[in-house]
Protein chains: 2
Amino acid sequence: MEKARSDCPISCSLDVFGDKWSLLIIRDIMLRGKVSYSEFLASEEKIASNILVNRLTVLEAEKILVKEVSPANKSKFLYSLTQKGADLLPIVIEIMDWGAKYNENCPRRELGKKIKKDKAGVVKELSQELRKRVK
Amino acid sequence: MEKARSDCPISCSLDVFGDKWSLLIIRDIMLRGKVSYSEFLASEEKIASNILVNRLTVLEAEKILVKEVSPANKSKFLYSLTQKGADLLPIVIEIMDWGAKYNENCPRRELGKKIKKDKAGVVKELSQELRKRVK
DNA sequence: CATAGTTGTTGCAAAATGCAATAACTATTT
DNA sequence: AAATAGTTATTGCATTTTGCAACAACTATG
């Protein structure tokens, strides 16, 4: 990482994932079961391949993601969350809830509705699920 | 706002504040009692004046901030949060907590320690405080 | 009328992003 | 082994955003 702008924890966090793409990759792994470059590339937001490589590299360097060779296919890499990455869950959930609340064109789906009913319960449940597959 | 990349609430939220500066301005208003251009400009992260103007304009257009003439000084403007802006509090708190947890060089100060002890309580308390001064 | 305070604007360089084409490597098929 | 397909990148170039420094417009104050 380049030098921090300040020692404010918010500023330091934004130094890492304060951009339009990083948290979407995290979302894909965290909530959509995606694990590979090609799956991230296929997401509806259409990230460019050079940006994707750059973000994966940064997130790996920050120890938010881990990159491994797929056991089933040696030409494929699998990305998974570390505990540090999994701990981004509450942030992702809060951002999702705010976005759904204030965007007419962002319908709450299954998870969004559960969050509206019982946010803390969802975070607790999902963080337990994530713990099973963190690296 | 430009066109949304998708109808995912996370993506839509990041379309609005997915950058390194917007949430720092929000932080200044929300947690540090700052209200004016010159105060934001003086923050330790050293935002450039053209970026600051741009972010304030965007945040106002998104109805996250409201800009008013200062009653005490007609050449001064005051920025305050709307309810939509105040509802970013849980996101800001979670980002602060994660940043403090994973950065050695980001000491928890008073608020950070309270968050570690009772995050939900802090959010509840601060959101009540904010409600008193939302526009 | 001079000065300071506040909120911008402008110009230019640097960095990040977006887009399209292509390449390297592996696995599979013929 | 040659051809094909799948996966993960790299490269070049145009566009956009950011960073930095200087300056300008407006308003209060003395």
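The rules behind each value
Residues numbered from 1 in each chain as written. Chains lettered and ligands numbered in written order. Predicted model: local features only at pLDDT ≥ 70, side-chain atom pairs only at ≥ 80, totals over all residues. Heavy atoms only, no water. Helix = DSSP H or I, 4+ residues; strand = E, 2+ residues; numbered from the N terminus. Rg over C-alpha atoms; globule rule 2.2 N^0.38 Å. Buried < 20%, exposed > 50% of the residue type's maximum accessible area, 1.4 Å probe, protein only. Contact = heavy atoms within 4.5 Å. Areas by Shrake-Rupley, 256 points an atom, 1.4 Å probe, with all protein chains shown as cover. Lys, Arg positive; Asp, Glu negative; His and termini not counted. Charge placed at Lys NZ, Arg CZ, Asp CG, Glu CD. Least-squares fit on C-alpha atoms with pLDDT ≥ 70 in both. Near = heavy atom within 4 Å. Polar contact = N/O pair within 3.5 Å; in protein donor to acceptor, adjacent residues only side chain to side chain. Nonpolar A, V, L, I, M, F, W, Y, C, P; charged D, E, K, R; others polar. Salt bridge = Lys/Arg side-chain N within 4 Å of Asp/Glu carboxyl O. Axes fitted to C-alpha atoms, helices over the stretch in contact; angles between N-to-C directions. Parallel < 35°, antiparallel > 145°, perpendicular 65-115°, else oblique. Left-handed = near helix turned anticlockwise from the far one by under 90°.

Some details on the overall build of chain A
Helix and strand counts for chain A stand at 7 helices and 2 strands. When the elements of chain A are put in sequence order from the N terminus, they spell out α-α-α-α-β-β-α-α-α. Against the compact-globule benchmark of 14 Å for 135 residues, chain A has a radius of gyration of 15 Å, which places it among compact chains. Each principal axis of the C-alpha distribution contributes one length, and for chain A these read about 40 × 40 × 30 Å. Across the 135 residues of chain A, 47% fall into the buried class. Within chain A, residue pairs in contact and separated by at least 24 positions form 48% of the contacts whose partners lie at least 6 positions apart. For chain A, the exposed surface amounts to about 7100 Å²; the carbon and sulfur share of it is 53%. Counting 26 positive and 19 negative side-chain charges, chain A places the centres of these two groups 3 Å from one another.

What to know about the relation of the copies chain A and chain B
Note on the copies: chain A fits chain B at an RMSD of 0.0 Å, the axial shift is 0.0 Å, and the rotation between them is 180 degrees. Classification of the inter-copy transformation places it as that of a two-fold axis. Using C-alpha coordinates, one finds that chain A approaches the rotation axis most closely at A:Asp19, a distance of 2.3 Å. Counting the interface residues of chain A, we find that 100% of their copies in chain B are interface residues as well, pointing to one common contact surface.

Here we look at the protein's contact with DNA strand C
Close contacts around DNA strand C come from 19 residues, with A:Asn50, A:Arg55, B:Tyr37, B:Ser38 and B:Ser49 the closest. Take A:Lys74: an N or O atom from its main chain is 3.4 Å from a phosphate oxygen of DNA strand C. Contacts to DNA strand C include B:Phe77, whose backbone N or O atom sits 3.3 Å from a phosphate oxygen. Of all the elements in the fold, those that place two or more residues in the surface near DNA strand C are α4 (49-61) of chain A together with α3 (37-41), α4 (49-61) and β2 (77-81) of chain B. For the surface near DNA strand C, the class distribution of residues is 7 nonpolar, 8 polar and 4 charged.

Here's the deal with the protein's contact with DNA strand D
Close to DNA strand D lie 20 residues, the nearest being A:Tyr37, A:Ser49, B:Asn50, B:Arg55 and B:Lys74. Among atoms of DNA strand D positioned within 4 Å of the protein, sugar and phosphate together represent 65%. Between DNA strand D and the protein, one listed contact pairs a base oxygen with a side-chain N or O atom of A:Ser49 at 2.7 Å. Here a phosphate oxygen of DNA strand D and a side-chain polar atom of A:Tyr79 are 3.0 Å apart. Mapped by element, the contributors of at least two residues to the surface near DNA strand D are α3 (37-41), α4 and β2 (77-81) of chain A together with α4 of chain B. The element best represented in the surface near DNA strand D is α4(B), accounting for 4 residues. Here the residues of the surface near DNA strand D are counted per class, giving 7 nonpolar, 9 polar and 4 charged.

As for the pattern of salt bridges
All told, the structure shown has 26 salt bridges over all chains when counted by the stated rule. For A:Glu68, the salt bridge goes to A:Lys135, with nearest N and O atoms at 3.7 Å. Here the residue A:Glu68 occupies a position in strand β1 (residues 65-69), and A:Lys135 occupies one in the segment after α7 (110-131), the gap between them amounting to 67 residues. A relative accessible area of 31% places A:Glu68 in the partly exposed class. B:Lys132 is the salt-bridge partner of B:Glu129, the closest N and O atoms lying 3.4 Å from each other. When its relative accessible area of 41% is taken as the criterion, B:Glu129 is described as partly exposed. Overlapping salt bridges bring together A:Glu94, A:Asp97, A:Arg108 and A:Lys119 as one network.

Regarding the packing of helix α6 (residues 89-102) of chain A against helix α6 (residues 89-102) of chain B
Where α6(A) contacts α6(B), the axes come no closer than 9 Å and their chain directions differ by 165 degrees. With respect to each other, α6(A) and α6(B) are oriented roughly antiparallel. Helix-helix and strand crossings are classified by hand; for α6(A) and α6(B) the assignment is left-handed. Taking contact as the criterion, the partners of A:Pro90, A:Ile91, A:Glu94, A:Ile95 and A:Trp98 in α6(A) are, on α6(B), B:Pro90, B:Ile91, B:Glu94, B:Ile95 and B:Trp98. Grouping the amino acids of the contact of α6(A) with α6(B) by side-chain chemistry returns 8 nonpolar, no polar and 2 charged.

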